[in-house]
Amino acid sequence: MTTEVPYFTNAENGYVPAKLATRSTSFQPLKLFRFVLNHVIPDTVRFLVQLIPLILSGLIGLVVPSKRKSIHGHTALVTGGANGLGRALCLRLAQEGCHVAVVDIDLAGAQRTVADVRKLGVKSEPFLADIANYEAVERLRLEVESKLGPVDVLVNNAGLLAVLSLSEGKPTDLERIINVNLLSHFWVSYQMF
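Residues numbered from 1 in each chain as written. Predicted model: local features only at pLDDT ≥ 70, side-chain atom pairs only at ≥ 80, totals over all residues. Heavy atoms only, no water.

**Q** Explain the packing of aromatic side chains to me, please; I cannot follow it from the model alone.
**A** The geometry of an aromatic ring pair comes down to the distance between the two centres and the angle between the two planes. For the structure shown, the criterion picks out two aromatic pairs. Aromatic side chains Tyr134 and Trp187 sit 5.3 Å apart centroid to centroid with 80° between the ring planes, which places their arrangement in the edge-to-face category. With a gap of 53 residues between them, Tyr134 in helix H4 (residues 134-147) and Trp187 in helix H5 (residues 171-192) connect regions that are remote in the sequence. Given the relative accessible area of 27%, Trp187 is considered partly exposed. Aromatic rings pair up to connect Tyr134, Trp187 and Tyr190 into one cluster. (Phe/Tyr/Trp six-rings, centres within 6.5 Å; stacked < 30°, edge-to-face > 60°. Helix = DSSP H or I, 4+ residues; strand = E, 2+ residues; numbered from the N terminus. Buried < 20%, exposed > 50% of the residue type's maximum accessible area, 1.4 Å probe, protein only.)

**Q** What is the right way to look at the side chain of Ser184 in this model?
**A** Structurally, Ser184 is set in helix H5. Its relative accessible area of 1% is what places Ser184 among the buried residues. Side-chain polar atoms of Ser184 contact the backbone oxygen of Val180, separated by 2.4 Å. Discounting chain neighbours no more than four positions away, the residues touching Ser184 are Ile131, Ala132 and Asn179. (Polar contact = N/O pair within 3.5 Å; in protein donor to acceptor, adjacent residues only side chain to side chain. Contact = heavy atoms within 4.5 Å.)

**Q** Sorry, what's going on with the packing of helix H2 (residues 84-95) against helix H3 (residues 107-118) here?
**A** Each pair of packed helices gets described by two things: the angle between the helix axes and the distance between those axes. Their axes nearest at 9 Å, the elements H2 and H3 cross at an angle of 20°. As judged from the angle between their axes, H2 and H3 are roughly parallel. Considering the relative orientation of H2 and H3, their crossing is right-handed. Between H2, through Arg87, Cys90, Leu91 and Ala94, and H3, the contact on the second element is made entirely by Arg112, Thr113, Asp116 and Val117. (Axes fitted to C-alpha atoms, helices over the stretch in contact; angles between N-to-C directions. Parallel < 35°, antiparallel > 145°, perpendicular 65-115°, else oblique. Left-handed = near helix turned anticlockwise from the far one by under 90°.)

**Q** Can you help me understand the pattern of salt bridges in this one?
**A** In a structure, side chains of opposite charge can pair up when their charged atoms sit close to one another. Going through the model one piece at a time under the given rule, you end up with eight salt bridges. For Arg68, the salt bridge identified is with Glu96, shortest N-O distance 3.6 Å. Remark: Glu96 occurs in the loop between H2 and strand S4 (99-104) and Arg68 occurs in the loop between helix H1 (29-63) and strand S3 (75-79); sequence separation between them is 28 residues. Taking relative accessible area as the criterion, Arg68 reaches 65% and is therefore assigned exposed. Residue class for Glu96 comes out partly exposed when judged on its relative accessible area of 25%. Shared partners join several salt bridges into a network, and the residues in it are Arg68, Arg92 and Glu96. (Salt bridge = Lys/Arg side-chain N within 4 Å of Asp/Glu carboxyl O.)

**Q** Any chance you could explain the pairing of S4 here in plain terms?
**A** A regular strand places its side chains so that they alternate between the two faces of the sheet. For S4, a buried count of six out of six residues is recorded, marking the element as mostly surrounded by other parts of the structure. Judged by which residues are buried, S4 turns out to be covered on both faces: His99, Ala101 and Val103 on one side and Val100, Val102 and Asp104 on the other are all buried. The pairing of S3 with S4 spans five bridges and is classified as parallel. Of the residues in S4, the one forming a bridge with Val78 is Val102. The handedness of the S3 to S4 crossover, carried by H2, is right-handed. Between the parallel elements S4 and strand S5 (residues 124-128), the chain passes through H3 in a crossover that is right-handed. (Pairing = 2+ DSSP bridges. Right-handed = clockwise from strand over helix to strand, strands pointing away.)

**Q** Just checking my understanding: could you explain the side chain of Gln191 for this structure?
**A** Positionally, Gln191 belongs in helix H5. Given the relative accessible area of 10%, Gln191 is considered buried. At 2.8 Å, the side chain of Gln191 forms a polar contact with the side chain of Tyr134. Setting aside chain neighbours within four positions, we find Gln191 in contact with Tyr134, Val137, Glu138 and Arg141.

**Q** What am I meant to see in the pairing of S5 here?
**A** Bridge analysis of S4 against S5 gives five bridges, and the strand direction is parallel. Note on S5: the bridge partner recorded for Val103 is Phe127.

**Q** What am I meant to see in the sheet that holds S3 here?
**A** The strands making up a sheet associate through hydrogen bonds between their backbones, and the pairing can be parallel or antiparallel. Taking strand neighbours across the sheet as the criterion, the four strands line up as S5-S4-S3-S6 in an open arrangement whose pairing is parallel. Where the open sheet ends on each side, the last strands, each with one partner, are S5 and strand S6 (153-155). Here the strands of the sheet are splayed against their neighbours by 15° on average, with no regard to which way each runs. Sheet strands touched by H3: S4 and S5. Its angle to S5, the strand with the most contacts, is close to 170°.

Next comes the structure, spelled out in structure tokens:
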């Protein structure tokens, strides 16, 4: 009966089963010194040299403040912008000077958000779109570009909450949630950029 040896050891002529490998138990300081001299010291020096620019940029960043990027005059598209967090994001982007495309399936809510955004002195338009539908997202891009110009800032905010558990809901409910909460983000990102 033969038994398989599960472990292998690196010998001078390649990998061999651990039981067949011969190990040198004598300490060889010359080999250790050569290894340190040829591998450890050069690798450590190379690491430290490559680390210097990173350390310097970090120290400079502590002293010199970085310039804040301006999005003033850019066009932002916010999905799910009629209510809640989406509405708050639309208003915040407008405060920064962005023109805002408010996209939602709740057109009345989107129109209310647009009215408040326009009070902040920027252009804004409501858009009714089911972003879970790829063709609707294609049409949305064309409408936004014709009314506000190309999208510079995209906020994929739209989402559905599962009201029922999986055992209580229908398969179409789960498909709708996945289409809005996952696939729509791909569709919108792909179409807008």
